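# Secondary and tertiary structure notes
The lines below spell out each chain.
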Amino acid sequence: MAELIGLLPGCPASLPGVAVSDDAEARSRQLALVLGMHEGRLSLWRPGGQETPLAVEFNEGKQGYRLSHERVRHERLIKALGKPREAQTTVLDATAGLGRDAALMAMAGFQVLLCERSPVVHALLADGLARAPSLAERMLLLPCEDALAQPTEPLHAVYLDPMFPAREKSAAVKKDLQWLQWLCPYPQADEERRLMDWALSLPARRVIVKRPARAPLLAGRTPGFSQKGKAVRFDVYPRG
Ligand SMILES: C[S@@+](CC[C@H](N)C(=O)[O-])C[C@H]1O[C@@H](n2cnc3c(N)ncnc32)[C@H](O)[C@@H]1O
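Residues numbered from 1 in each chain as written. Predicted model: local features only at pLDDT ≥ 70, side-chain atom pairs only at ≥ 80, totals over all residues.

### Side note on the site of the ligand
Going by this rule: The rule is simple: place the C-beta atom from the backbone, and if it lies within 6 Å of a molecule or strand, the residue is near it. Residue classes follow a fixed rule: Ala, Val, Leu, Ile, Met, Phe, Trp, Tyr, Cys and Pro count as nonpolar, while Asp, Glu, Lys and Arg count as charged, and any other residue, Gly among them, counts as polar.
Residues in contact with the ligand amount to 19 residues; listed here are only the nearest, T95, G97, R100, A147 and C184. In terms of residue class, the shell around the ligand is made up of ten nonpolar, four polar and five charged.

### A look at unusual backbone geometry
Filter applied, for reference: To qualify as a helix, a DSSP run of H or I must reach at least 4 residues; to qualify as a strand, a run of E must reach at least 2; elements of each kind are numbered from the N terminus.
Positioned with a positive phi, E39 is a non-glycine residue whose angle comes to about 50 degrees. You can see E39 is positioned in the loop between β3 (33–38) and β4 (41–45). Of note in the backbone geometry, A219 takes a positive phi value of approximately 55 degrees without being a glycine. Topologically, A219 is positioned in the loop between β9 (204–212) and β10 (225–228).

### Looking at the nonpolar core
Let me state the cut-off plainly: Buried Ala, Val, Leu, Ile, Met, Phe, Trp, Tyr and Cys residues form a nonpolar core when they are connected through C-beta atoms within 7 Å. Partly exposed residues are those whose C-beta has more than 12 but fewer than 20 other C-beta atoms within 10 Å; with 20 or more the residue is buried, with 12 or fewer it is exposed, and the C-beta atoms are placed from the backbone. Domain boundaries shown here were taken from an automatic or database domain assignment. By the criterion used throughout, residues are in contact when their C-beta atoms, derived from the backbone, lie within 7 Å.
If you look at the biggest cluster of nonpolar residues, it comprises 63 residues, and the most contacted ones within it are M105, L124 and V158. In terms of domain composition, this core takes at least three residues from each of domain 1 (2–45) and domain 2 (61–238). The contact partners of L124, leaving out residues within four places of it in the chain, are L42, L44, A55, V56 and L98.

### Describing the UniProt feature "binding site: S-adenosyl-L-methionine" (unreviewed entry) in the chain
Under the convention used in this document: UniProt positions are given in the numbering used here, feature names are shortened, and annotations may be inferred rather than shown by experiment.
Mapped onto the present numbering, the UniProt feature "binding site: S-adenosyl-L-methionine" (unreviewed entry) falls at R100, D101, E116, R117 and D161. With respect to the secondary-structure elements, R100 resides in helix α5 (residues 100–107). On the basis of neighbour counts, which here come to 17 C-beta atoms within 10 Å, the residue R100 falls in the partly exposed class. Of note, D101 is situated in helix α5.

### Remarks on the domain arrangement of the chain
As far as domains go, the chain holds domain 1 (2–45) and domain 2 (61–238). Here domain 1 and domain 2 have C-alpha centroids that lie 27 Å from each other. Taken residue by residue, the interface counts eleven residues in domain 1 and seven residues in domain 2. Only β3 and β4 provide two or more residues apiece to the side of domain 1 that touches domain 2. Ranked by residue count, the leading element in the side of domain 1 that touches domain 2 is β4, at three residues. For the side of domain 1 that touches domain 2, the residue count by class is ten nonpolar, no polar and one charged.

### Looking at the pairing of strand β11 (residues 232–238)
Put simply, the rule is: At least two DSSP bridges between two strands are required for those strands to pair.
Here seven bridges tie β9 to β11, and the two strands are oriented antiparallel to one another. Considered in β11, the bridge of I208 is made with V236. By the bridge criterion, four bridges tie β10 to β11 in an arrangement that is antiparallel. Among the inter-strand pairings, S226 is bridged to a residue of β11, identified as D235. Remark: three residues form the turn of the hairpin made by β10 and β11, two consecutive strands paired antiparallel.

### Some remarks on the sheet that holds strand β5 (residues 90–93)
Threshold: Only the stretch in contact is used when fitting a helix axis, every axis being a line fitted to C-alpha atoms; angles between N-to-C directions are given from 0 to 180 degrees.
Strand order in the open sheet formed by seven strands is β7-β6-β5-β8-β9-β11-β10, and the pairing between neighbours is mixed. Of all the strands in the sheet, the pair left with one neighbour each is β7 (139–141) and β10. Direction aside, neighbouring strands of the sheet carry axes that sit 20 degrees apart on average. Where α5 meets the sheet, it contacts β5, β6 (111–114), β7 and β8 (155–160), and its direction lies at approximately 160 degrees from that of β6.

### Section: the sheet that holds β4
Strand order across the open sheet formed by four strands is β2-β1-β3-β4, with mixed pairing between neighbours. With partners counted over all chains shown, the strands left at the sheet margins are β2 (18–19) and β4, one partner each. Where strand β1 (residues 5–7) meets β3, three bridges bridge the pair, whose relative direction is parallel. Within the sheet, the bridge partner assigned to G6 lies in β3 and is V34.

In structure tokens, the structure reads:
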């Protein structure tokens with residue numbers, strides 16, 4: 001599907017898509033989405049659409065609020081991570097997406113390695129990090145091709161948040177989530193199993209999996225315990 005994205009002037013080189021000169025051309029070629037610079041940020045939007053373009057922004061709005069130092073320790077994800085052993089504070093976020101969860105972990109004091117396999121999402125994330133230098137000191141975005149690589153350094157945790165189909169009834173699924181769903185296909189059962197096996201094989205003290213509250217277990221694996229919220233839960237697989 002990625003070839004249906006229009007790439008406006010100013011996009012990073014070598015992204016999958018078709019070069020277009022402006023929004024009007026993207027619309028006339030019936031492209032579903034365009035990527036380009038909007039208000040100084042690399043952004044994704046629907047050609048001719050009224051929605052706010054999607055960009056990674058760590059400093060403003062709801063995300064900026066969630067990232068205040070006082071707030072992050074109340075986040076379930078941070079509780080699921082538990083206390084790191086001294087000098088072993090690195091978390092590998094293997095499904096980084098727009099980096100929201102990774103930023104929470106970084107604000108809580110972890111060093112976060114980020115993998116993202118979608119080149120377009122990777123480019124949005126890289127752009128957001130370039131505009132948030134103090135956060136970027138604790139968030140290292142690995143090259144796109146390094147997804148599912150084999151890090152050798154001891155990790156505190158591996159974090160997985162694979163795509164999961166939105167609930168049928170939520171007609172109000174936000175546009176940016178819809179666009180992300182369009183860019184990043186849902187994993188098939190065998191891919192979920194590979195992802196989980198890979199995560200469990202890494203030198204980490206725990207694997208944490210984010211799921212919608214009522215979703216089945218990832219790859220059918222029973223966790224040691226879960227941090228449950230109304231909408232999502234974090235399944236924790238301690239590794240000793
Ligand atoms: C639900 S989103 C993650 C959202 C993220 N936790 C956040 O806070 O923004 C899932 C992301 O994982 C990525 N992904 C899925 N499988 C992957 C893999 N094997 N390696 C790297 N990224 C993967 C998808 O491209 C998608 O961007």
